[in-house]
Each structure stands twice: as structure tokens, then as C-alpha cells.
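If you want the building blocks of each chain, they are given just below.
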Amino acid sequence: MIRITGLIFIILLAFGCNSGDKETVTADMVKNPVSGKGNDQNLKMPEITFVDDNSDKPQYFDFGVIIQGEVVSHTFRFKNTGKSDLLIRSTSSTCGCTVSSYTKKPVPPGESGKIDVTFSSGGRKGRQHKAVTVLTNAQPASKKLVIEANVVVPN
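All figures in this text were calculated on a predicted structure; none of them were measured in a lab.

**Q** Help me out: how do you make sense of the packing of aromatic side chains in this one?
**A** Inspection of the entire model under this criterion finds two aromatic pairs. Residues F50 and F78 carry aromatic rings whose centres are separated by 6.0 Å and whose planes lie at 65° to one another, so their mutual orientation is edge-to-face. In this pair, F50 is assigned in strand 3 (residues 48–50) and F78 in strand 5 (residues 71–80), connecting sequence segments 28 residues apart. Assigned by exposure class, F50 and F78 land together as buried. Ring geometry for F61 and F63: centres 5.0 Å apart, planes at 75°, overall edge-to-face. Of note, K104 hangs over the ring of Y102, and the distance from its end group to the ring centre comes to 3.8 Å.

Given below as C-alpha cells:
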């Protein structure tokens, strides 16, 4: 029994970590200017700047009033204003009713990309506030996108 469990564990370990994503992330794309020696100002870093960027405040979009059951989407557009390729590592939301998709390929300096956020209002009512965290290879490594909607129940 232990041998079978061990064999299953080894198979899961070997094949379970393969995401199937064919994009290659090289070590030079993941940099950190902060070290024990201080900040390296000479390190060429990517920088994510959203089209309507309000400095350190989260990016925000309000869908306004929507009817319960409606599915709405918004595209957050960004530009790499840094000096090396920008890579979005992942996005995650605070709720299963909110999903996101994003530009998967590295974004060269001066180029643009997008993050699509979709909210499904089924089973929800009242003011809804949802957040999506975006992890990148920039510093700071995370940005927050916020969507809101006022969900009304039809009569």
C-alpha cells in the first residue's frame, strides 16, 4: 500500500507541476533591485502604468447599476513604461464571481497590454466591490484592480 501511495505521489509530482504553458520565462526577466546592499538604481526594470493611472491608488471601474444575473466586463489597459520586458505572472480575484484574463507574452518597453475583468452578478444584490490582484516582475510586484457595481433585483 505504501509503495502504491509513493508511486502515485511521484507521478503527481512529476506531471502535476506542468502548467502546459509554452512561454519561456528566463532568469533575466525576473529581477529585484532591492537587496541587502540597498537599492540598485542601475538595474533596468519593467514598470506597469495603467492608462488612467492614479499613482499608488488601485485602478478602479464602476459598472453602475446592473440587473441581477447580468455578466459585465471591463478592459484595464496598461503600458510598460520601464526599461525591460514586463511579465504578468498571474492575476487573482477576491471572489469566484470575478474572473480575469491578461496578456500572457512579455510586454517590451513602450508596448501595451491588457487585463480583462469579468463580473457575474448572478445571486448577488446591492453594492458589490471586487478586487483583482495583478502580480508582475516589476517593483512593486503587485497592483490592484477594483471593480464595483450596484446589482438590482428585477421585479
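**Q** How should I be thinking about the sheet that holds strand 9 (residues 126–136) in this particular structure?
**A** The pairing of strands in a sheet happens through backbone hydrogen bonds and is either parallel or antiparallel. Taken together, the four strands give an open sheet; going across it, the order is 4-10-9-6, and neighbouring strands pair in mixed fashion. Either end of the sheet is taken by a strand with one partner, and the two such strands are strand 4 (59–67) and strand 6 (88–93). Strand-to-strand, the axes of this sheet are offset by a mean angle of 20°, without reference to chain direction. With seven bridges joining them, strand 4 and strand 10 (residues 142–152) adopt parallel strand pairing. Paired with I67 across the bridge in strand 10 is V152.

**Q** Sorry if this is basic, but what is going on with the pattern of salt bridges here?
**A** Here the idea is simple: oppositely charged side chains can pair when their charged atoms come close. For the structure shown, the criterion picks out three salt bridges. R127 serves as the salt-bridge partner of E148, at 2.7 Å between the closest nitrogen and oxygen. Taken as a pair, E148 in strand 10 and R127 in strand 9 lie far apart in primary sequence, 21 residues in all. Residue R127 is classed as partly exposed on the basis of its relative accessible area of 43%.

What counts and what doesn't
Residues numbered from 1 in each chain as written. Predicted model: local features only at pLDDT ≥ 70, side-chain atom pairs only at ≥ 80, totals over all residues. Heavy atoms only, no water. Phe/Tyr/Trp six-rings, centres within 6.5 Å; stacked < 30°, edge-to-face > 60°. Helix = DSSP H or I, 4+ residues; strand = E, 2+ residues; numbered from the N terminus. Buried < 20%, exposed > 50% of the residue type's maximum accessible area, 1.4 Å probe, protein only. Lys NZ or Arg CZ within 6 Å of the ring centre and 35° of its normal. Pairing = 2+ DSSP bridges. Axes fitted to C-alpha atoms, helices over the stretch in contact; angles between N-to-C directions. Salt bridge = Lys/Arg side-chain N within 4 Å of Asp/Glu carboxyl O.

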